[in-house]
Amino acid sequence: MAQPDLSKLVSLAKRRGFVFPSSEIYGGIGSSWDYGPLGVELKRNVKEAWWRAMVYERDDVVGLDSAIIQNPQVWVASGHAENFTDPLVECPECRKRFRPDHLDDPTKCPDDSTTLSAPRMFNLMFKTFVGPVEDSANQVWLRPETAQGIFINFDNVLTAMRHKLPFGIAQIGKSFRNEITPGNFIFRTREFEQMEMEFFVKPGEDDYWHRHWIEQRFNWYRDLGIREENLRLRDHDPDELAHYAKATADVEYNFPWGWGELEGIANRTDFDLSQHEAVSGKTMKYFDQEANEHYFPYVIEPAAGADRAALTFMFDAYDEEMAPTGDGKEEVRTVLRFHPDIAPAQVAVLPLSRNAKLTPTARDVHAQVRHVFRSQYDDAQSIGRRYRRQDEIGTPLCVTVDFQTVEEDQAVTIRNRDSMQQHRVPIADLADALRSALRDMGSTRV
Ligand code: ATP
């Protein structure tokens, strides 16, 4: 399968309604993107699959949805106010700014080869003010990660849910980072969604749980169809570790521009809870009844990005192949081979043509199908073009209603996106037939 170059994917994403450049009518704004009708479905499916794996299918993880704007002391305690910085260098000639660790030669401007300024540290948190007075007493930050919202609610969740260690708290939500060099489409933006889980364990059991979560998270991408040869695990070097981490492994994907991080699985030790206890003065310890002692749990954190995952699913699903046109010729067929649990639509219902005889039955069929499956109805243009459109947006199954359906047999044709094989089933058996075809394609959700 051919990986597309980035421009091809960006153009398909716009043409088919996955992702649009934000504020385009005003000339756009650097690295902000809007999810269109199909993109919003794709990202919802990614988040849903994550929540299912992390919360619903486990006994030891619960969910949370904390605020984006928090007391600024949270970021003092977490170390972000002081340490959440990237090195920044500037070109005195063209005034462009860069992250030196993103440059081949960190001393020269990549555009005009002028010698760059010495690096200075730049804090990535967005500042804003609450209320009408813009003074330092009212200054807050937009959260740069969802994790701290979990730590500050550790005791609330513990008291409300009466969990014993080990247990985890999962959260999905927006984070904001004033990245110096955003780019590569939705890979790195200044506003993005994270899917994070903090798993609290007894100190001493942290290495075991770290390995457990590294394996679980790698398998999650693989089981949702990302080809294993495009995935790898990479341990952080000691000098690369975040200020809070004892060890971190990244799940990486082989993007057209090289290997890039999809997710980091970090052993955050007791750093965050002990910091919050020290700064807030409130106890953040866990009482272990069996051992009859109070201690700070250690924390294993799988931290993923919903946008990066959506981008990865698009890249990995992309394929082009030669396919017959029906009149003896061949043409390039573009197909997104999404896993059925990730695909924006699972089924498309297509009357052979827009025709007064076919429409009522096709509408009836769609009414039944949409009840159970994520389904689209399309009767514009020729059937061949509609199949191509569904291939290009990655819909696993098309259901075609033709004249035989209404005149003879009350049966419809199911067409498989990958094999392009077609088979006929009675409308009465359609839901079962679709379910079984989606399962054959890997679905565990129908
Ligand atoms: P990077 O090294 O790429 O800047 P990071 O190590 O700072 O990432 P983490 O703090 O570990 O990232 O965040 C966890 C996950 O959140 C990342 O693996 C990624 O999927 C996502 N993420 C982080 N920053 C961005 C961003 N600017 N745009 C989109 N997703 C992001």
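Conventions and cut-offs
Residues numbered from 1 in each chain as written. Predicted model: local features only at pLDDT ≥ 70, side-chain atom pairs only at ≥ 80, totals over all residues. Heavy atoms only, no water. Helix = DSSP H or I, 4+ residues; strand = E, 2+ residues; numbered from the N terminus. Buried < 20%, exposed > 50% of the residue type's maximum accessible area, 1.4 Å probe, protein only. Contact = heavy atoms within 4.5 Å. Areas by Shrake-Rupley, 256 points an atom, 1.4 Å probe, with all protein chains shown as cover. Lys, Arg positive; Asp, Glu negative; His and termini not counted. Charge placed at Lys NZ, Arg CZ, Asp CG, Glu CD. Core = buried A, V, L, I, M, F, W, Y, C linked by side-chain atoms within 4.5 Å. Near = heavy atom within 4 Å. Polar contact = N/O pair within 3.5 Å; in protein donor to acceptor, adjacent residues only side chain to side chain. Phe/Tyr/Trp six-rings, centres within 6.5 Å; stacked < 30°, edge-to-face > 60°. Lys NZ or Arg CZ within 6 Å of the ring centre and 35° of its normal.

(A) Quick peek at the overall build of the protein chain. Broken down by element type, the protein chain carries 13 helices and 23 strands. Across the 446 residues of the protein chain, 50% fall into the buried class. If you take every contact in the protein chain between residues at least 6 apart in sequence, the share linking residues at least 24 apart comes to 64%. For the protein chain, the computed accessible surface area is about 21100 Å², with 48% contributed by carbon and sulfur atoms. In the protein chain, which carries 53 positive and 71 negative side-chain charges, the distance between the mean positions of the two groups comes to 4 Å.

(B) How the structure looks around the nonpolar core. Core analysis: the largest hydrophobic core is formed by 55 residues, its most contacted members being Phe18, Trp50, Met195, Trp220, Tyr221, Phe313 and Phe338. The contact partners of Phe313, leaving out residues within four places of it in the chain, are Val46, Trp220, Leu224, Ile226, Phe338 and Ile342. Grouped together as the second largest cluster of nonpolar side chains are 21 residues, Ala362, Leu397, Leu438 and Val446 included.

(C) Inspection of the site of the ligand at higher detail. Around the ligand sit 14 residues in total, of which Arg177, Glu179, Arg188, Thr189 and Glu261 are the nearest. Within the contact set of the ligand, a nitrogen atom lies 2.8 Å away from a side-chain nitrogen or oxygen of Glu179. Within the backbone of Glu263, a nitrogen or oxygen atom sits 3.5 Å from an oxygen atom of the ligand. Protein chains shield 83% of the accessible area of the ligand, which is 590 Å² for the free molecule. Elements with a minimum of two residues in the shell around the ligand: β10 (191-201), β13 (258-269) and β16 (298-305).

(D) Structural context of the packing of aromatic side chains. Counted according to the given criterion, the structure contains 19 aromatic pairs. Their ring planes at 75° and their centres at 6.2 Å tell us that Trp220 and Phe313 sit as a pair that is edge-to-face. A residue pair is termed long-range when its members are at least 10 positions apart, and Trp220 in helix α7 (residues 206-223) and Phe313 in helix α9 (residues 306-317) qualify at 93 residues. Residue classification places Phe313 among the buried residues on the basis of a relative accessible area of 3%. Among the aromatic residues, those joined into a ring-pair cluster are Phe187, Tyr253, Phe255, Trp257 and Phe315. Sitting over the ring of Phe187, Arg308 keeps its end group 3.8 Å from the ring centre. The side chain of Arg415 reaches across the aromatic face of Tyr387, ending 4.4 Å from its centre.

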